[in-house]
Amino acid sequence: MKKILTASLVALMAAGPAMADLVFPSLSYRTGPYGANGIPFADGYADYFTLLNERDGGIGGVPARVLECETGYNTEKGVECYESTKGEGALVYQPLSTGITYQLIPKATADGIPVHSMGYGRTSAKNGQVFRNIFNYPANYWDGASHAVNHVLDLNGGDVSGKKIALVYHNSAYGKEPIRTLEELSKKHGYELMLVPVDHPGQEQKSQWLQIRQQRPDYVFMWGWGVMNQVAIQEASNIRFNMENFIGIWWSGSENDVLPAGDGANGYKALTFHNLGKDYPLYDDLQKYVVDAGKAAGAGDQLGTALYNRGMYAAMLAAEAAKTAQEIHGTADITAAMMRDGMEALEMTEAKMEALGLPKFGPEFTVSCENHGGNGLGAVAQWDASAGAWSLITEYGPSDQDVIGALVAEDSAAFAAENNIEPGCS
Amino acid sequence: MPDQLLFAIEVTLNGLMAGVLYALVALGFVLIYKASGIFNYAQGVMALFAALTLVGIMEGQVPFSHLINAIFGTEIHHFGWHVPALAAIILTIAVMVVFAWLVQVLIFRHLVNQEPILLFMATIGLAYFLEGFGDLMWGSDIKKLDVGLPQGINGWIDQTTFDAFGYGFFIDNLDISATIVAIILVAGLIIFSQYTKQGRALRAVADDHQAALSVGISLNFIWVLVWSVAGFVALVAGIMWGAKSGVQFSLSLIALKALPVLMLGGFTSIPGAIVGGLIIGVGEKLFEFLIGPMVGGATENWFAYVLALLFLVFRPQGLFGEKIIERV
Amino acid sequence: MFYREAGDFSTTYAEDSQTFPIKFDRYRYYLVLVVAFGIIPFLINDYWANAVFVPFLIYAIAAIGLNILTGYCGQVSLGTGAFMAVGAYACYKLMTGFPDIPIAIHILISGGITAAVVTLFGLPSLRIKGFYLAVATLAAQFFLVWLFNKVPWFYNYSASGQISAPERSMFGIIFTGPNTEAWAKYLICLVFVTFAAIVARNLTRGSVGRSWMAIRDMDIAAEIIGVNPLKAKLTAFAVSGFFVGIAGALFFSVYLGAAEVGESFGIDKSFLVLFMIIIGGLGSIFGSFAGAAFMVLLPVFLKNVFVGWLGWPTDLAAHLQFIVSGGLIVVFLIMEPHGLAQLWRLAKEKLRIWPFPH
């Protein structure tokens, strides 16, 4: 009896050191109405860490462990996932849903765990003096709105006064994000803004697109998600709207969104803050160490799609932040608090990306306490239906920080006042 | 003619077309409710399941491939063949008939004579089951459905109206084909229920279960039959809606679009479903067009229900529903 | 042997009409209260509070509310999600508008506001019945969600329309916001559940409850014997709305801490609560608890079995979870159409004559 007890104790002890892993929870959604978009992202996120473990033996010698938890894009399941994974030593959360991000902002701050909402979530989290634990680099929705306007400015030689721009948006917190920015920018540049909300889920958009057909806006921006994207692109092609003038946010710019519309989607544009395709040295490694070794999270057929790349990019940024944290604190076994410091000191340069095998994959940016949102650079990608691929048609360009900076300051100040937060960097 | 009026006519026409699509979904509800008193919430998920099966068969997908791969460590996804659309549709109908039989044998045979709300809840349970099952069987990625229906603006209507009024009307080719399909479908259903033996038996069951039993009609058979027909209607609705957005999980939510149609038309009337669909389609599109801009838009979801509610206050059994007679 | 009326003599009217006339029942009830109030708060941690107990208690309140309307008064409602949203938004406006007033009072007032709104939406029930009414309540569901999304006043003009619960305390203990201790969350919900259950139990035993049940069993007959259908139906809507509103306020302020109307209070929520009362048992307070426990615990349990023990991929587990929950619901309805409460009743009947059944 005693023997068995000792044996099981030894077994327990042996299992113990597994706690020394670097834990990266992945709140994924592979089911539900947005499952089709959640799958490639989650695969990319998991595969990158698998690659690091297989090729480099982890990050700084410590293996990374991805804890996947299915949220189904449901806030309550997100709470359950957060509570069940935070005790495992989670370093950083990527909530992957606006609702869950808003949930976690106060909770994770109280627990001292950083949250990285990359290209979604609460935009004013850019102000790190108020949102100490929340990061949303490299770009946020307001940057996105500004990029879209900038692109239109470029197309029109810098003058858009008198033009009409329609915003087709998902009628939810997420979809309403860009409205303020676009309104401010319309005051500045003199275009006319037309708001066209689409209610969840967005299967039926006839009246919205008839409205667009009748009012003839020059450009249409879209903040859509899920089935709304596919229907909108289909309807736009049905009314023969010039796809070159139809620009979606990065969440409306995946292969899933354009493929159902077939050739009709040719020329559709979407914003992005990372590069597309799989023409990078890193993907050879991914293929070799992960996919061919049978260790891919998914079926391995998603490599190079927009959302897979985004998940992979998120994992890469998390790994780089972990490396930065290891350097700052001089230990390989970092905690969530150290991870936060690493994220705050993160610097992405071209040389760094080149070394990782991802030359020109994302914009260069630096994070600081005052600025948790990076430099807000973004580019425009265009869909080529015959080749079945996205390609960048612009360089990474800046957003209008005069307008956005003021909005961020205002919104974060309101949050600070509501929650008695003393803004500061100490 | 002034622009505003032309726009309104265009919106109305499109509303009628949208109404046909709503009616397609509502038809499935009515069939089952009429024959067995079951309010089948799973109708939307059945449409999704039917469309998934259709695409899966056409593309030669291996069912449950993900599960098989996870358990046995294999890497199979496709059989490597493509099935022509028509054959795939026939196979899908066969699957839906098997499904109808299973539903009857496993669930509703055991729930005969239960309260309507319990039957309703059972169909919600069925809907959950089918959601998970469909995804497990065919995967949850978005699939492109192409059975050769034309899509996009109808050039002829655009040109003709442009010559006549100076403004080309937009009518989607897909909507036109949906309308034609709906007409054929309803005509077929009417012929089936008026002129075939099974159809008459079905009507007898709808009128009075016990009387039908006493003249030798098998209730079980009729219920399997009616679930199969509803499965077929679901397939048609799934094809029409799936062609617009690709086949994906959200397809199951079209059931919510059909509920106000049912309320308005009455749960027991096939013409009611059609007329209700048209009224809802036109009503919500016109409201969004006329009033929507004043209140901030995106009114369609609730307006359909409020419109139906207003009708109900005056006619509690719906437009074409059977008069509710209560005796103490 | 233990569970019987024999030998348990009532000497006063109060004793005769008490809630649990059988001694064993009474002690069991006290035991549950002692465990719930005296033991669990000391053992609870963040995971158990946030993933299991708090949602269970809050859903139990909502289920009691809906059970009064559907189980006791026979009016099927599919607007529960939106009615919870009314409670949540009322609570948010009160919390931010009057920060110094204790949170418990805000929650009660939110319940009152919801009661008023629900009564308003209950008016069509005087004319519309059965499934038509159920679908008509969907009008409330969609309209209210749209309204909370559209009118910026409800979310204090914030940029995105999300509402977040600020930190509020009572007796020096923090009850909302991120720094709330697990036991505080648990206790505030428990107090409201106990309150709701006692009120509901006594209402349904009294004349109001009897008039509801008369309406449920046959409204025309009830009218003939002198039950005022207007009063009975509208009181049922009001009381139900009060509880659902409290549940919504707690759901937002204590449990989630941040919410968006379409996502947190959508139609799924309406169906979920309806499920709870059907699985638990229509017309039973115990059933509301049992149903809420079943629907909250089942997914957590299945997830832990599939992912935690068997180590399956999360998406397979999620699909199987749908299949198993859907299947279980159907099996339950077939095996016991009157819900878990009926099993409990049968068990009690058996106990009463145990160990000598003949």
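Parameters and conventions
Residues numbered from 1 in each chain as written. Chains lettered and ligands numbered in written order. Predicted model: local features only at pLDDT ≥ 70, side-chain atom pairs only at ≥ 80, totals over all residues. Helix = DSSP H or I, 4+ residues; strand = E, 2+ residues; numbered from the N terminus. Rg over C-alpha atoms; globule rule 2.2 N^0.38 Å. Buried ≥ 20, exposed ≤ 12 C-beta atoms within 10 Å, placed from the backbone. Contact = placed C-beta atoms within 7 Å. Pairing = 2+ DSSP bridges. Axes fitted to C-alpha atoms, helices over the stretch in contact; angles between N-to-C directions. Right-handed = clockwise from strand over helix to strand, strands pointing away. Expected span 1.5 Å × (residues − 1). Nonpolar A, V, L, I, M, F, W, Y, C, P; charged D, E, K, R; others polar. Domains from an automatic or database assignment. pLDDT = per-residue confidence, 0-100. Parallel < 35°, antiparallel > 145°, perpendicular 65-115°, else oblique. Left-handed = near helix turned anticlockwise from the far one by under 90°.

### Overview of the overall build of chain A
Line of reasoning, step 1. Along the backbone of chain A there are 14 helices and 13 strands.
Line of reasoning, step 2. Relative to the globule expectation of 22 Å for 426 residues, the C-alpha radius of gyration of chain A, 22 Å, shows essentially globular dimensions.
Line of reasoning, step 3. By principal-axis analysis of the C-alpha atoms, chain A measures approximately 85 × 50 × 40 Å.
Line of reasoning, step 4. Looking at chain A as a whole, 62% of its 426 residues are labelled buried.

### Section: the overall build of chain B
Line of reasoning, step 1. Of the regular secondary structure elements, chain B holds 14 helices and zero strands.
Line of reasoning, step 2. For chain B, the succession of helices and strands along the chain, N to C, is α-α-α-α-α-α-α-α-α-α-α-α-α-α.
Line of reasoning, step 3. Whereas a compact globule of 328 residues would reach a radius of gyration of roughly 20 Å, chain B reaches 21 Å, a difference of no more than 12%.
Line of reasoning, step 4. With 328 residues in all, chain B has 53% of them scored as buried.
Line of reasoning, step 5. Long-range contacts, defined as pairs at least 24 residues apart, comprise 73% of the intrachain contacts of chain B with a sequence gap of at least 6.

### Here's the deal with unusual backbone geometry
In most cases, non-glycine residues show a negative phi, while peptide bonds are predominantly trans.
Line of reasoning, step 1. Residue A:P138 follows A:Y137 across a cis peptide bond; omega there is 5°.
Line of reasoning, step 2. Position of A:P138 relative to the elements: it lies in the loop between β4 (134-135) and α5 (141-155).
Line of reasoning, step 3. Of the consecutive residues A:H200 and A:P201, the connecting peptide bond is found in the cis state with omega at -5°.
Line of reasoning, step 4. Within the element layout of this structure, A:P201 appears in the loop between β6 (192-198) and α7 (206-215).
Line of reasoning, step 5. The phi dihedral of B:F64 is positive, around 60°, even though this residue is not glycine.
Line of reasoning, step 6. Within the secondary structure, B:F64 is located in the loop between α2 (43-59) and α3 (65-72).

### What about the sheet that holds β6(A)?
Strand pairs in the sheet, formed through backbone hydrogen bonds, run parallel or antiparallel to each other.
All names here are of chain A.
Line of reasoning, step 1. Spatial ordering of the open sheet is given by β6-β5-β7-β8-β9-β12-β13, a layout of seven strands whose pairing is mixed. If you trace the sheet from one side to the other, it starts and ends with β6 and β13 (389-392), each paired once. Looking at each pair of strands side by side, their axes are set apart by 25° on average, direction ignored.
Line of reasoning, step 2. Note that strand β5 (residues 164-170) and strand β7 (residues 219-223) share five bridges and pair parallel. The partner of L167 across the bridge, within β7, is F221.
Line of reasoning, step 3. Lying over the sheet, helix α6 (residues 173-189) contacts β5, β6 and β7, oriented at roughly 160° with respect to β5.

### Digging into the environment of B:I124
Line of reasoning, step 1. In this fold, B:I124 is placed in helix α5 (residues 116-138).
Line of reasoning, step 2. Considered as a pair, B:I124 and B:A42 are 82 residues apart in the sequence and their alpha carbons are 6.1 Å apart.
Line of reasoning, step 3. Setting aside chain neighbours within four positions, we find B:I124 in contact with B:Y41 and C:F271.

### Some thoughts on the pairing of strand β1 (residues 22-28) of chain A
Residue and element names in this part refer to chain A.
Line of reasoning, step 1. In terms of burial, β1 is largely enclosed, as six of its seven residues are buried.
Line of reasoning, step 2. Pairing analysis gives seven bridges linking β1 to strand β2 (residues 64-70), with the strands arranged parallel. Each residue of the ladder has a partner; that of L22, found in β2, is A64.
Line of reasoning, step 3. Regarding the hand of the β-α-β motif, the stretch spanning β1, helix α2 (residues 35-56) and β2 is right-handed.

### Thoughts on α5(B)
Residues and elements named next belong to chain B.
Line of reasoning, step 1. For α5, built from 23 residues, the straight-helix expectation of 33 Å at 1.5 Å per residue is met to within 8% by its first-to-last C-alpha distance of 32 Å.
Line of reasoning, step 2. Counting buried positions along α5 gives 19 out of 23 residues, so the element sits mostly inside the fold.
Line of reasoning, step 3. Remark: G139 follows α5 within two positions and exhibits a positive phi of approximately 85°.

### A word on the interface of chain B and chain C
Line of reasoning, step 1. On the chain C side, the residues contacting the 40 residues of chain B number 38 residues.
Line of reasoning, step 2. Secondary-structure elements contributing two or more residues to the side of chain B that touches chain C are α3, α5, α11 (255-265) and α14 (300-314) of chain B.
Line of reasoning, step 3. The element contributing the most residues to the side of chain B that touches chain C is α5(B), with 15 residues.
Line of reasoning, step 4. Taken together, the residues that form the side of chain B that touches chain C break down as 29 nonpolar, eight polar and three charged.

### Here's the deal with the domain arrangement of chain A
All names here are of chain A.
Line of reasoning, step 1. Considered domain by domain, chain A is made up of domain 1 (18-139 + 277-375) and domain 2 (141-272).
Line of reasoning, step 2. The interface is formed by eleven residues belonging to domain 1 together with 16 residues belonging to domain 2.
Line of reasoning, step 3. Of all elements in the fold, only α2 and α11 (306-329) reach the threshold of two or more residues within the side of domain 1 that touches domain 2.
Line of reasoning, step 4. Class assignment of the residues belonging to the side of domain 1 that touches domain 2 gives a composition of six nonpolar, five polar and no charged.

### Examining the confidence of the model for chain B
Line of reasoning, step 1. Residues of chain B with pLDDT of at least 70 account for 99%, and the chain-wide mean is 86.
Line of reasoning, step 2. Across the assembled chains, the prediction reports ipTM 0.87 with pTM 0.90.

### Description of the packing of α2(B) against helix α4 (residues 85-107) of chain B
Residues and elements named next belong to chain B.
Line of reasoning, step 1. Put simply, α2 and α4 touch, their axes get as near as 9 Å, and they point 135° apart. The orientation of α2 with respect to α4, classified from their angle, is oblique. Of the two possible hands of crossing, α2 and α4 adopt the one that is right-handed. Residues A50, T53, L54, I57 and M58 of α2 pack against A85, A88, I89, L91, T92, V95 and M96 of α4.
Line of reasoning, step 2. Per-class residue counts for the contact of α2 with α4 are ten nonpolar, two polar and no charged.

### A short note on the pairing of strand β9 (residues 269-272) of chain A
All names here are of chain A.
Line of reasoning, step 1. Neither face of β9 is left uncovered, since the one carrying K269 and L271 and the one carrying A270 and T272 both have all their residues buried.
Line of reasoning, step 2. Looking at chain direction, strand β8 (residues 246-248) and β9 are connected through two bridges and run parallel. Each residue of the ladder has a partner; that of I247, found in β9, is K269.
Line of reasoning, step 3. Relative to strand β12 (residues 379-384), β9 runs antiparallel, the two being bridged by four bridges. From the neighbouring strand, L271 faces β12, where its bridge partner is V380.

### Observations regarding the environment of A:P178
All names here are of chain A.
Line of reasoning, step 1. Along the chain, P178 turns up in helix α6.
Line of reasoning, step 2. Judged by local crowding, P178 falls into the buried class, with 25 C-beta atoms found within 10 Å.
Line of reasoning, step 3. Spatially, the C-alpha atom of P178 lies 40 Å from that of A332, the residues being 154 residues apart in sequence.
Line of reasoning, step 4. Apart from residues lying up to four places away in sequence, P178 is in contact with Y141, W142, G144, A145, L167 and W223.

### Overview of the environment of A:V291
All names here are of chain A.
Line of reasoning, step 1. Here V291 is to be found in helix α10 (residues 281-291).
Line of reasoning, step 2. Placed twelve residues apart in sequence, V291 and L303 show a C-alpha to C-alpha distance of 9.4 Å.
Line of reasoning, step 3. Not counting residues up to four positions away in its chain, the partners in contact with V291 are L286, A296, G300 and L303.

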